[in-house]
Amino acid sequence: MNLHIILNEKFTEKFIWLIDSMYLPESNIIYVYGDGNFVKSASANIKLVKNLNSEVDLSLMKNSDKLFIHGFYSSAVLHFLFRNLTRIKKSQLVLIIWGADLYNSHFEYLKNPWSFKSIRHEIGKSIIIRHAKWFMTFAYADYNYARKWYGANGQQFDCLYPTNFNIEFLDEISLENKSNCKCKRILIGQSASETNKHIEILNTLKKYKNESFEIICPLSYGDKVYGKSIAEYGEKVFGDRFIPIFDYLTPADYARLLNSVHVAVFNFNRQQGTGNIEILGYLGKKIYIRSDTTLWEHYVCRDKCRFNDTLTIGDSTFEDFVYSNPDDTKINKAYFKKIWDIDYIKSLWDKVMNA
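Residues numbered from 1 in each chain as written. Predicted model: local features only at pLDDT ≥ 70, side-chain atom pairs only at ≥ 80, totals over all residues. Heavy atoms only, no water.

Engineer: What should I look at first to understand the overall build of the chain in this one?
Structural biologist: Counting its secondary structure elements, the chain contains 16 helices and 13 strands. Rg of the C-alpha trace for the chain: 21 Å, near the compact-globule value of 20 Å for 355 residues, within the 12% margin. Across its three principal directions, the C-alpha atoms of the chain cover 65 × 50 × 35 Å. Put simply, the chain has 355 residues, and 52% of those count as buried. Of the contacts formed within the chain by residues at least 6 apart in sequence, a portion of 73% connects residues at least 24 apart. By element, 52% of the accessible surface of the chain is carried by carbon and sulfur atoms, the whole surface being about 16800 Å². (Helix = DSSP H or I, 4+ residues; strand = E, 2+ residues; numbered from the N terminus. Rg over C-alpha atoms; globule rule 2.2 N^0.38 Å. Buried < 20%, exposed > 50% of the residue type's maximum accessible area, 1.4 Å probe, protein only. Contact = heavy atoms within 4.5 Å. Areas by Shrake-Rupley, 256 points an atom, 1.4 Å probe, with all protein chains shown as cover.)

Engineer: Where do I start with the sheet that holds strand S8 (residues 184-188) in this structure?
Structural biologist: A sheet is described by the order of its strands in space; here 6 strands give the open sequence S10-S9-S8-S11-S12-S13, paired in parallel fashion. Looking at which strands have only one partner, the edges of the open sheet turn out to be strand S10 (242-245) and strand S13 (308-309). Judged from the 3 bridges that link them, S8 and strand S11 (residues 263-265) form a sheet pairing that is parallel. Looking at S11, one finds that Ile 188 is bridged to Val 265. Packing against the sheet, helix H12 (residues 274-282) makes contact with S8, S11 and strand S12 (286-289), and its axis sits at approximately 150 degrees to S12. (Pairing = 2+ DSSP bridges. Axes fitted to C-alpha atoms, helices over the stretch in contact; angles between N-to-C directions.)

Engineer: Would you mind going over the pairing of S12 with me for this structure?
Structural biologist: In the case of a regular strand, side chains alternate between the two sheet surfaces. The alternating pattern of S12 places Lys 286 and Tyr 288 on one face and Ile 287 and Ile 289 on the opposite face, and all of these are buried. Both S11 and S12 contribute to a ladder of 3 bridges, which runs parallel. Considered in S12, the bridge of Val 263 is made with Lys 286. The parallel pair S11 and S12, bridged by H12, forms a crossover whose chirality is right-handed. Relative to S13, S12 runs parallel, the two being bridged by 2 bridges. (Right-handed = clockwise from strand over helix to strand, strands pointing away.)

Engineer: Would you take a moment to explain the pattern of salt bridges for this structure?
Structural biologist: Oppositely charged side chains may form a pair once their charged atoms are brought near each other. What the rule picks out here adds up to 11 salt bridges. Across the pair Lys 10 and Glu 9 runs a salt bridge whose closest N-O atoms are separated by 3.8 Å. Note on Glu 9: relative accessible area 12%, which makes it buried. The partner of Glu 122 in a salt bridge is Lys 125, with the nearest N and O atoms 4.0 Å apart. (Salt bridge = Lys/Arg side-chain N within 4 Å of Asp/Glu carboxyl O.)

Engineer: Could you clarify how one ought to interpret helix H7 (residues 142-150) in this entry?
Structural biologist: The periodicity of an α-helix, 3.6 residues per turn, causes residues three or four positions apart to be oriented the same way. Where H7 is concerned, the buried positions are Asp 142, Tyr 143, Ala 146 and Tyr 150. One side of H7 holds all its buried residues, which, seen down the axis, span an arc of 105 degrees. Looking at the residues trailing H7, positive phi occurs at Gly 151, about 75 degrees. (Arc of directions from axis to C-beta.)

Engineer: Teacher, can you tell me more about the packing of aromatic side chains here?
Structural biologist: Each aromatic ring pair is described using two quantities: the centre-to-centre distance and the angle formed by the ring planes. For the coordinates displayed, the defined rule picks out 29 aromatic pairs. Plain terms: the ring middles of Tyr 299 and Tyr 335 are 6.2 Å apart, the flat faces sit at 90 degrees to each other, and that makes the pair edge-to-face. Of this pair, Tyr 299 sits in helix H13 (residues 294-302) while Tyr 335 sits in helix H15 (residues 326-340); the two residues are 36 residues apart in sequence, bridging distant segments of the chain. On the basis of relative accessible area, Tyr 335 is assigned to the buried category, the value being 12%. (Phe/Tyr/Trp six-rings, centres within 6.5 Å; stacked < 30°, edge-to-face > 60°.)

Engineer: Would you explain the environment of Thr 195 in this entry?
Structural biologist: Here Thr 195 shows up in the loop between S8 and helix H9 (198-205). Thr 195 sits 76 residues away from Gln 271 along the chain, and the two C-alpha atoms are 9.5 Å apart. The contact partners of Thr 195, leaving out residues within four places of it in the chain, are Asn 267, Phe 268, Asn 269, Arg 270 and Gln 272. At a separation of 2.8 Å, a polar atom in the side chain of Thr 195 contacts the side chain of Ser 193. A distance of 2.5 Å separates the side chain of Thr 195 from the side chain of Gln 272, its partner in a polar contact. (Polar contact = N/O pair within 3.5 Å; in protein donor to acceptor, adjacent residues only side chain to side chain.)

Engineer: It is not clear to me how the nonpolar core should be interpreted in this structure. Could you clarify?
Structural biologist: For soluble globular proteins, nonpolar side chains are generally found buried alongside one another. Counting residues in hydrophobic clusters, the biggest one holds 91 residues, and the most contacted among them are Leu 95, Ile 96, Ile 277 and Trp 349. Every residue in contact with Ile 277, bar those within four places of it in the chain, is listed here: Phe 266, Phe 268, Gln 272, Ile 287, Ile 289, Leu 295, Tyr 299, Phe 307 and Phe 336. In terms of nonpolar packing, the next biggest core, distinct from the first, is built from 24 residues, Cys 217, Tyr 226, Val 263 and Val 322 among them. (Core = buried A, V, L, I, M, F, W, Y, C linked by side-chain atoms within 4.5 Å.)

Engineer: Before we go on, may I ask you to explain the packing of H12 against H15 in this structure?
Structural biologist: For any two helices packed against each other, the geometry is given by the interaxial angle and the distance between the axes. Following both chains from N to C, one finds H12 and H15 inclined at 125 degrees, their axes separated by 7 Å at the closest point. Judged by the angle between their axes, H12 and H15 are oblique. Crossing hand, H12 versus H15: left-handed. In contact with Ile 277, Glu 278, Ile 279, Gly 281 and Tyr 282 of H12, H15 contributes Asn 332, Lys 333, Phe 336, Lys 337, Ile 339 and Trp 340. By residue class, the composition of the contact of H12 with H15 is 6 nonpolar, 2 polar and 3 charged. (Parallel < 35°, antiparallel > 145°, perpendicular 65-115°, else oblique. Left-handed = near helix turned anticlockwise from the far one by under 90°. Nonpolar A, V, L, I, M, F, W, Y, C, P; charged D, E, K, R; others polar.)

Engineer: What should I look at first to understand the sheet that holds strand S2 (residues 28-33) in this one?
Structural biologist: Note on sheets: strands pair through backbone hydrogen bonds, and any given pair is parallel or antiparallel. As summarised here, the arrangement of the 7 strands in space is S3-S2-S1-S4-S5-S6-S7, forming an open sheet in which the pairing is parallel. Across the chains shown, the open sheet's two edge strands, defined by having one partner strand only, are strand S3 (46-49) and strand S7 (155-158). In this sheet, adjacent strand axes meet at a mean angle of 20 degrees when their direction is disregarded. As defined by bridge partners, strand S1 (residues 2-7) adjoins strand S4 (residues 66-70) across 5 bridges and the pair is classed as parallel. Of the residues in S4, the one forming a bridge with Ile 6 is His 70.

What follows is the structure, given as structure tokens:
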């Protein structure tokens, strides 16, 4: 029996569906914590909890084959792990690295290395990471940073959750928006997070101001104050051609928004936004990500996706910037179709459960 601890997030329901539909009910117990409202009902093997320390059955944890921690940046899960580390065998602990849990606190520490709070957090995180034997990552090279920064010493496996989007629906909407409109739509980032490096990429795009395009900038998720500042800057530089998205959209409406763009530019300085990248790649959009990130190592260097380097936009003409190679589109779509296959996703989890 495996035990899972996962935040009540937008992709948690799909993970539960994977477990419930592909495994015996008694083989996986899932504790869902946090204030999210995505998973609303419990069952025999799904437990909604408010306090991990008081509501997780420690006897179940002790006797589990593996303890899967889905993301470990929240204070609740870090405190739970630190408090119970002597009860958890190294061979049990599987840390699933989401991105923010690895990068955010480390970047904060580098900004202010004399902060007692940052030092304490980094030391605590290092102890937990050194205690784990198994790691699952959405970009395989994230494990290299866990090893370099925190002394990870275990085995890395790829991780995927089932997509929240219906592939048949994406196929249907991909036939839409086939007009000959000369105005290009450019997507910038995927959230109101500083790691998107919005200002940097908006400044890079200034040189195209005389071209026919508009910028779509999703800012509904993340830091509202930061999002407002980006909207103000974007509108100052590009006027009404800069379109900030503050409203939370339904999955269908968001998919249609992604389908309406021609080019997607992600200036992340770390691994994030993989769900957006997957959908855009499947829909055949031209995608830019930075070549100095683990996303580039994962998608381009290892898996041979045909993405473009954000860091080269400054040297490109507008025609080259927006041109989409049909061969690239075909290769990217085939790749994402493969990794969305539920049997493929299950095979990734089987590797860890059977390790």
